[in-house]
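Spelled out, the chains give:
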Amino acid sequence: MFWGEKPYHSLDYEMKQRFGEKVYRLSLNGGMTCPNRDGTAGTGGCIFCSAGGSGDFAAPAVLPISEQLRMQKELIAKKRPVHKYIAYFQAYTNTYAPVEYLERIFLEAISDPEVVALSIATRPDCLGDEVLALLHRLNRIKPVWVELGLQTIHEDTARFIRRGYPLSCFAAAVTQLRAIGIEVIVHVILGLPGEDRDAMLQTCNYLNTCDIQGIKLQLLHILKHTDLATYYTETGFPVMTQEAYITLLIDCMEQLSPKIVIHRLTGDGPGALLIAPLWSQSKRAVLNSLHAELKRRGTWQGRLFTSVHYDTQR
Ligand code: SF4
């Protein structure tokens, strides 16, 4: 299996295969909140989540979706010529609203002729029957992806970060989404307090056994005004060095099934909010180091990882 010039199944490669060219994400804000903040599942939110609901780069929620799309396109067009986009509802929980409202904003997004797919970040406990029926209808118009913030499979870590749902809830949601043909992308955080390399690789290995299509691997960011920031100040728990992160990333990439598209290998901590690790601010430097390490190991230019441990039953 070859993935263009990179030795892993990147989103860039996948999009060029499907749509014939580079496709960019437009981060949108549907103005929703989250049951983990409003008291339905919890009140404090996930321990790491910023006031922006992990959507700090999304457009302002007060603007109509068509205007958000226009603004986001303009920002990208200044840097490069782009013709195809993914409408990405990023901030908070994007299925946590009346289904009529969801239908209106999602239809507005996919009615843009340059939008080739709709990606919706949400929680697995916010996918009721009406929402699933809506996603099913929309998926017949344009491809719909659902992004689930799992972060870890380990229940003790999930309790610590106040995720607010058990692993069984995630597994059930994946089954329901796949039954209606929706692609599932899973968010995993690397470097959560209390998790060592083995624990993180167990999460990757578990995901190989699920019918998921994509993964976003994200370094833990400690952001200002979060409970994680308070915990960090009080305990000074160790955050990863860039070298350790690169090594761990490669271990995770080796562990993952090559069928799973890697959407993200690092994160974009908003500069004004980021407390640690500060080296992660330069996403380009992190990716350059990763690619340099892959080249040093001889894993480049169509050469596959040499020690793939993924579940071969998939
Ligand atoms: S589920 Fe998402 S939006 Fe809600 S508190 Fe957790 S990270 Fe933030």
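Look above for the structure.
To keep things clear, this report deals only with the structure shown in the data block. The numbering scheme is per chain: residues are counted from 1 as the chain's sequence reads. This being a predicted model, a pLDDT of at least 70 is required before a residue's local features are given, and a value of 80 or more before pairs of side-chain atoms are given or counted; all residues contribute to the totals for chains, interfaces and linings. To get the side-chain values, take all heavy atoms of the structure and skip hydrogens and water.

1. Overview of the site of the ligand
Spelled out, the test is: In this text, near means that some heavy atom of the residue lies within 4 Å of the molecule or strand in question. Note that Gly is not counted as nonpolar here; it falls among the polar residues with everything else outside the nonpolar set of Ala, Val, Leu, Ile, Met, Phe, Trp, Tyr, Cys and Pro and the charged set of Asp, Glu, Lys and Arg.
Taken together, ten residues lie near the ligand, and Cys34, Gly45, Cys46, Cys49 and Arg123 sit nearest. Considering only residue class, the shell around the ligand consists of five nonpolar, three polar and two charged.

2. What about empty space enclosed by the protein?
Heads up, the condition is: Only protein atoms enter the calculation, which uses a 1 Å grid: trapped sets of points that fit a 1.4 Å probe without letting it out are cavities, open sets showing protein on both sides within 12 Å along at least five of seven lines are pockets, and any residue with an atom within 4 Å of a point is a lining residue. Grid points are joined across faces, edges and corners, and a volume is the space filled by probe spheres set on the points.
Inspection of every chain in the model, using the stated rule, returns one cavity of 30 Å³ or more. Of the voids in this model, the largest cavity is the one considered here, and its volume is about 50 Å³. Taken together, Leu11, Glu14, Met15, Arg18, Trp145, Glu183, Ile185, Gln213, Val261 and His263 make up the full set of residues lining the largest cavity. For the lining of the largest cavity, the residue count by class is five nonpolar, two polar and three charged.

3. Quick notes on helix 4 (residues 129–141)
Along an α-helix, residues three or four positions apart point the same way, because every turn accommodates 3.6 residues. Here is the rule: Going along the chain from the N terminus, every DSSP run of H or I of four or more residues is numbered as a helix, and every run of E of two or more is numbered as a strand. One less than the number of residues in a helix, times 1.5 Å, gives the span that helix is expected to have. For the exposure calls, accessible area comes from a 1.4 Å probe over protein chains only, and a residue counts as buried if that area is under 20% of its type's maximum, exposed if over 50%, partly exposed in between. As used here, the arc belongs to the directions running from the helix axis to the C-beta atoms.
Along its 13 residues, helix 4 runs 19 Å from first to last C-alpha, staying within 8% of the 18 Å computed at 1.5 Å per residue. When helix 4 is considered as a whole, its buried residues turn out to be Val131, Leu132, Leu134, Leu135 and Leu138. Across the axial projection of helix 4, the buried residues extend over an arc of 160°, all falling on one side. Away from its buried face, by an angle of more than 90 degrees, helix 4 presents the exposed residues Asp129, Glu130 and Arg140.

4. Some details on the packing of aromatic side chains
Under the convention used in this document: Working definition: a ring pair exists when centres of Phe, Tyr or Trp rings (six-membered ring for Trp) sit within 6.5 Å. Plane angles under 30 degrees give stacked, over 60 give edge-to-face, the rest tilted. Definition used: whenever NZ (Lys) or CZ (Arg) falls within 6 Å of the ring centre and also within 35 degrees of the ring normal, the charge is taken to sit over that ring.
One pass over the full model with this rule turns up six aromatic pairs. Plain terms: the ring middles of Phe160 and Tyr231 are 5.0 Å apart, the flat faces sit at 65° to each other, and that makes the pair edge-to-face. Of this pair, Phe160 sits in helix 5 (residues 155–160) while Tyr231 sits in helix 8 (residues 227–235), and the two are 71 residues apart along the sequence. Using a relative accessible area of 27% as the deciding quantity, one classes Tyr231 as partly exposed. A ring pair is formed by Tyr245 and Trp279, whose centres lie 6.0 Å apart and whose planes are at 45°; its orientation type is tilted. Of this pair, Tyr245 sits in helix 9 (residues 242–255) while Trp279 is found in the loop between strand 9 (274–276) and helix 10 (283–296), placing the two residues 34 residues apart along the sequence. By relative accessible area, Tyr245 is classed as buried at 0%. A network of ring pairs unites the aromatic residues Phe160, Tyr231, Tyr232 and Phe237 as a single cluster. The ring centre of Tyr88 lies 5.5 Å from the NZ or CZ of Arg25, which sits over that ring.

5. So, the side chain of Arg123
Rules: N or O atoms within 3.5 Å of each other form a polar contact, as long as, within protein, one can give a hydrogen and the other can take it, and as long as residues adjacent in sequence are counted only when both atoms are side-chain atoms. In this description, contact between two residues means that some pair of their heavy atoms is separated by no more than 4.5 Å.
With respect to the helices and strands, the residue Arg123 is situated in the loop between strand 3 (115–122) and helix 4. Residue classification places Arg123 among the buried positions, given a relative accessible area of 7%. Within the structure, Arg123 has its side chain in polar contact with the side chain of Asp125 (distance 2.9 Å). With residues near it in sequence (within four places) discarded, Arg123 still touches Cys34, Pro35, Asn36, Ala41, Thr93, Leu148, Arg163, Gly164 and Tyr165.

6. Some remarks on the environment of Glu293
Relative to the assigned elements, Glu293 resides in helix 10. When the C-alpha positions of Glu293 and Ala276 are compared, they lie 23 Å apart, and in sequence the two are 17 residues distant. Beyond its immediate stretch of four places on either side in the chain, Glu293 contacts Ile246 and Ile250.

7. Digging into unusual backbone geometry
Each neighbour pair has its own omega, and for Ala276 with Pro277 the value is -10°, a cis peptide bond. By the secondary structure assignment, Pro277 is in the loop between strand 9 and helix 10. The phi dihedral of Tyr92 falls on the positive side, at around 60°, and the residue is not glycine. One can find Tyr92 in the loop between strand 2 (85–89) and helix 3 (99–110). Of note, the phi angle at Arg162 is positive, near 60°, even though the residue is not glycine.

8. Focus on the sheet that holds strand 8 (residues 261–264)
Note the cut-off: In this scheme, strands are said to pair when DSSP sees at least two bridges between them. Note on method: axes are straight lines fitted to C-alpha atoms, helices fitted across the in-contact stretch only, with angles between N-to-C directions ranging 0 to 180 degrees.
Across the sheet, seven strands lie side by side as 1-2-3-4-5-6-8; this open sheet has parallel pairing. In this open sheet, the two edge strands, each paired with only one partner strand, are strand 1 (24–28) and strand 8. Strand-to-strand, the axes of this sheet are offset by a mean angle of 25°, without reference to chain direction. Judged from the five bridges that link them, strand 3 and strand 4 (residues 144–151) form a sheet pairing that is parallel. Each bridged residue has a counterpart across the sheet, and for Leu118 the counterpart in strand 4 is Val144. Across the sheet, helix 6 (residues 167–179) is in contact with strand 4 and strand 5 (183–190); its angle to strand 4 comes to roughly 170°. Contacting strand 4, strand 5 and strand 6 (214–219), helix 7 (residues 197–208) runs over the sheet at an angle of about 175° to strand 5.

9. Regarding the pattern of salt bridges
Using the following cut-off: Think of a salt bridge as a Lys or Arg side-chain nitrogen and an Asp or Glu carboxyl oxygen that are within 4 Å of each other.
Taken as a whole and assessed by the stated rule, the structure comprises 19 salt bridges. Of the charged contacts, one joins Glu155 and Arg163 as a salt bridge, the two residues approaching to 3.8 Å between their closest N and O atoms. Look at Glu155 and you get partly exposed, because its relative accessible area is 33%. Residue Arg163 is classed as buried on the basis of its relative accessible area of 1%. The partner of Asp198 in a salt bridge is Arg197, with the nearest N and O atoms 3.5 Å apart. Three or more residues joined by partner-sharing salt bridges are found here, namely Asp12, Lys16 and Lys22.

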